[in-house]
Amino acid sequence: MIDEEKDGLNAEETAAAETEAEAAAENAEIPVSEKASEAEEKPEEDPAAALEAKVKALEEAAAADKDKYLRLLAEYDNFRKRSLKERLDASADATAKAALEVISVIDNFERAMAAECSDEGYKKGVEMIYGQFTEVIKKLGVEEIEALGKEFDPNLHNAVSQVEDENFGENTVSQVYQKGYRLGDKVIRCAMVVVANP
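The rules behind these values
- Residues numbered from 1 in each chain as written.
- Predicted model: local features only at pLDDT ≥ 70, side-chain atom pairs only at ≥ 80, totals over all residues.
- Heavy atoms only, no water.
- Salt bridge = Lys/Arg side-chain N within 4 Å of Asp/Glu carboxyl O.
- Helix = DSSP H or I, 4+ residues; strand = E, 2+ residues; numbered from the N terminus.
- Buried < 20%, exposed > 50% of the residue type's maximum accessible area, 1.4 Å probe, protein only.
- Contact = heavy atoms within 4.5 Å.
- Core = buried A, V, L, I, M, F, W, Y, C linked by side-chain atoms within 4.5 Å.
- Pairing = 2+ DSSP bridges.
- Axes fitted to C-alpha atoms, helices over the stretch in contact; angles between N-to-C directions.

Draft legend 1. A look at the pattern of salt bridges. Scanning the entire structure with this criterion turns up nine salt bridges. Measuring nitrogen to oxygen at the nearest pair gives 2.4 Å for the salt bridge that ties Lys186 to Asp93. Of the two residues, Lys186 is situated in strand S5 (residues 186-189) and Asp93 in helix H3 (residues 47-114); the sequence distance between them amounts to 93 residues. Among the ionic pairs, Glu146 bridges to Lys150, the shortest N-O distance being 3.7 Å. Using a relative accessible area of 40% as the deciding quantity, one classes Lys150 as partly exposed. When salt bridges with common partners are traced through the structure, they connect Asp77, Arg80 and Lys81 into a single cluster.

Draft legend 2. Up close: unusual backbone geometry. Of note, the phi angle at Asn171 is positive, near 60°, even though the residue is not glycine. Tracing the backbone shows Asn171 in the loop between strand S2 (157-163) and strand S3 (172-178). Exposure remark for Asn171: the relative accessible area of 24% places this residue in the partly exposed category.

Draft legend 3. Looking closely at the environment of Val194. On the secondary structure map, Val194 appears in strand S6 (residues 191-196). Residue classification places Val194 among the buried residues on the basis of a relative accessible area of 2%. Residue contacts for Val194: discarding those within four places in its chain leaves Ser161, Val163, Thr172, Val173, Ser174, Gln175 and Tyr177.

Draft legend 4. Region of interest: the nonpolar core. The biggest cluster of nonpolar side chains holds 14 residues, and the ones touching the most others in it are Ile103, Ile106, Ile137, Val142, Tyr181 and Ile188. At the level of elements, H3, helix H4 (120-139) and strand S4 (180-183) are the ones that each hand at least two residues to this core. In contact with Val142, not counting residues within four places along its chain, are Ala99, Ile103, Ile137, Tyr181, Arg182, Leu183 and Ile188. Of all hydrophobic cores here, the second largest spans five residues; its members include Ala147, Ala191, Val193 and Val195.

Draft legend 5. Quick peek at the sheet that holds strand S1 (residues 142-145). Here three strands make up an open sheet; going across it, the order is S1-S4-S5 and the pairing antiparallel. Edge strands, defined here as strands with exactly one partner in the open sheet, are S1 and S5. In this sheet, adjacent strand axes meet at a mean angle of 35° when their direction is disregarded. Note that S4 and S5 share three bridges and pair antiparallel. Directly across from Leu183, in S5, lies its bridge partner Lys186. Lying over the sheet, H3 contacts S1, S4 and S5, oriented at roughly 40° with respect to S5.

Draft legend 6. Focus on the sheet that holds S6. Spatial ordering of the open sheet is given by S2-S6-S3, a layout of three strands whose pairing is mixed. In the strand order of this sheet, the two ends are held by S2 and S3, each with one partner. Adjacent strand axes in the sheet meet at a mean angle of 35° when their direction is disregarded. Bridge count between S2 and S6: six bridges; the pairing is parallel. Counterpart to His157 in the pairing with S6 is Ala191.

Right under this line is the structure:
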């Protein structure tokens, strides 16, 4: 019986020794640096700090996206305004060019009306056509530049001669050879004038 107990103890000791030997073998196989890296890989993280870091990263990404969006929106708005201005300028240039052609016809009708004519019906017809042309350019937004009796303005008037005349003030338009026209602020044609007392 004593022998059996010894054998049972020997078996337990043997099993314990084998377990220790296996553990020692495992420890011997894994280098110390790998054990340290395993410890570094699994540090105990604070969940609140991890969430805070994620929130901060997402806020930075959102701020960057918002900045890109605002820049794109401003760029598009500038493009839209520039395109609209270019279209309006092109439209005004086309209108001015067409009006200038009509104005030359109006000049000829004014000369025809100033000429002597014995046929009243013919003269009335010319006046009616002249009226229609002037209405057309008014509808286009073209206005006559007032010149007679006004102070000479080189932006609006083209002086072809100068005279001394007591009836007019200094640097005043005394005679208009050809009417001037403008479309809004744009001068289509300067008035051809005589300047008194320059």
